[in-house]
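# Breakdown of the fold
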Amino acid sequence: MQSSPAKFSARAIKASWWLGTASLAFGLFIKITSELLEHEVSGVDRTILLGFAKARTPWLTVVAVDLTALGSVTLVVLISTVALCVLLLLKDRMGALQLVAASVGAGILTTTIKDYIDRARPEVVTQLVEVSGLSYPSGHSLAAASLYLTVAILVCRHLQRTGHQIAILAMTVGIILLVGMTRIYLGVHYPSDVASGISLGAAWALLLAGCFSFFPDPKIAGRGQ
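Nothing here was measured: the structure is a model prediction, and the numbers come from that model. (Residues numbered from 1 in each chain as written. Predicted model: local features only at pLDDT ≥ 70, side-chain atom pairs only at ≥ 80, totals over all residues. Heavy atoms only, no water.)

## Some points on the nonpolar core
- Counting residues in hydrophobic clusters, the biggest one holds 29 residues, and the most contacted among them are L99, L149, I153, I176 and L206.
- Only α1 (5-37), α4 (73-89), α5 (93-117), α6 (139-157), α7 (162-185) and α8 (191-212) provide two or more residues apiece to this core.
- Among the elements that make up this core, the one with the highest residue count is α6 (eight residues).
- Setting aside anything within four residues of it in sequence, one finds L149 in contact with A144, L169, T172, I176, A202, A205 and L206.
- Membership of the second largest hydrophobic core comes to ten residues, among which are F29, I32, V41 and Y136. (Core = buried A, V, L, I, M, F, W, Y, C linked by side-chain atoms within 4.5 Å. Buried < 20%, exposed > 50% of the residue type's maximum accessible area, 1.4 Å probe, protein only. Helix = DSSP H or I, 4+ residues; strand = E, 2+ residues; numbered from the N terminus. Contact = heavy atoms within 4.5 Å.)

Put into structure tokens, the structure is as follows:
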């Protein structure tokens, strides 16, 4: 069955909103990256990093170590797998494909850009956890933004009330920001690493949301059967 002009128009409006927001997030990533390459962020990075280090306490460190795991490869893969199974059980195949694209794309973007920028990890403060690899962008932040924002968008598609959708998105943004801040607190990333990771991860999730919004909403499709 072909979509009516009204439904297509609604999807086009929704897609325009997602793609416009994705453009803003990607523009922020480009700005941060260009300033990094022009050596215009090192002073700010150092100041913020030292400020976070001064705020360290034993109990905050325990909390930070626990929270930062939300962006680790292990948990990202685990959460992606669980979400994928739920989507398949709901027969939301396009949502499942969107989630897979978000996860795989985040991994490719992280590896590619890290190798291209080739930025070393911070050395101005003590690192509270053992890490390896390059610093820019923050892989934890990028993965958290891409995965959790995509999951939140997909969850909102299955919710009826706008208030519930706003609550889910607000909670998701909070989790993403917490993951990013723990990377700075633990001394394993510069603030610009985190900001770039979040902005690029969000841009990728929003781009996918815009592209997949042209496909039928599973709630609407289910009602028409």
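## Some words on the packing of helix α3 (residues 58-68) against α7
- In the contact formed by α3 and α7, the axes pass within 9 Å of each other and the chain directions differ by 125°. Taken as axis vectors, α3 and α7 run oblique relative to one another. Here the hand of the crossing between α3 and α7 comes out left-handed. The segment α3 lies against α7, with L60, T61, A64, L67 and T68 engaging L178, V179, T182, R183 and Y185.
- Considered class by class, the residues forming the contact of α3 with α7 number six nonpolar, three polar and one charged. (Axes fitted to C-alpha atoms, helices over the stretch in contact; angles between N-to-C directions. Parallel < 35°, antiparallel > 145°, perpendicular 65-115°, else oblique. Left-handed = near helix turned anticlockwise from the far one by under 90°. Nonpolar A, V, L, I, M, F, W, Y, C, P; charged D, E, K, R; others polar.)

## Re the packing of aromatic side chains
- Counted under the stated rule, the structure contains two aromatic pairs.
- A ring pair is formed by W17 and W18, whose centres lie 5.0 Å apart and whose planes are at 80°; its orientation type is edge-to-face.
- The class of W17 is exposed, set by a relative accessible area of 53%.
- By relative accessible area, which is 16% here, W18 ends up buried. (Phe/Tyr/Trp six-rings, centres within 6.5 Å; stacked < 30°, edge-to-face > 60°.)

## Re the packing of α7 against α8
- One can describe the packing of α7 onto α8 by two numbers: an axis separation of 9 Å at closest approach and a directional angle of 155°. It follows from the interaxial angle that α7 and α8 lie roughly antiparallel. Between α7 and α8 lies a crossing of right-handed hand. On the side of α7, the interface is formed by I176, L177, G180, R183 and I184, while α8 contributes P191, V194 and I198.
- Taken together, the residues of the contact of α7 with α8 break down into six nonpolar, one polar and one charged.

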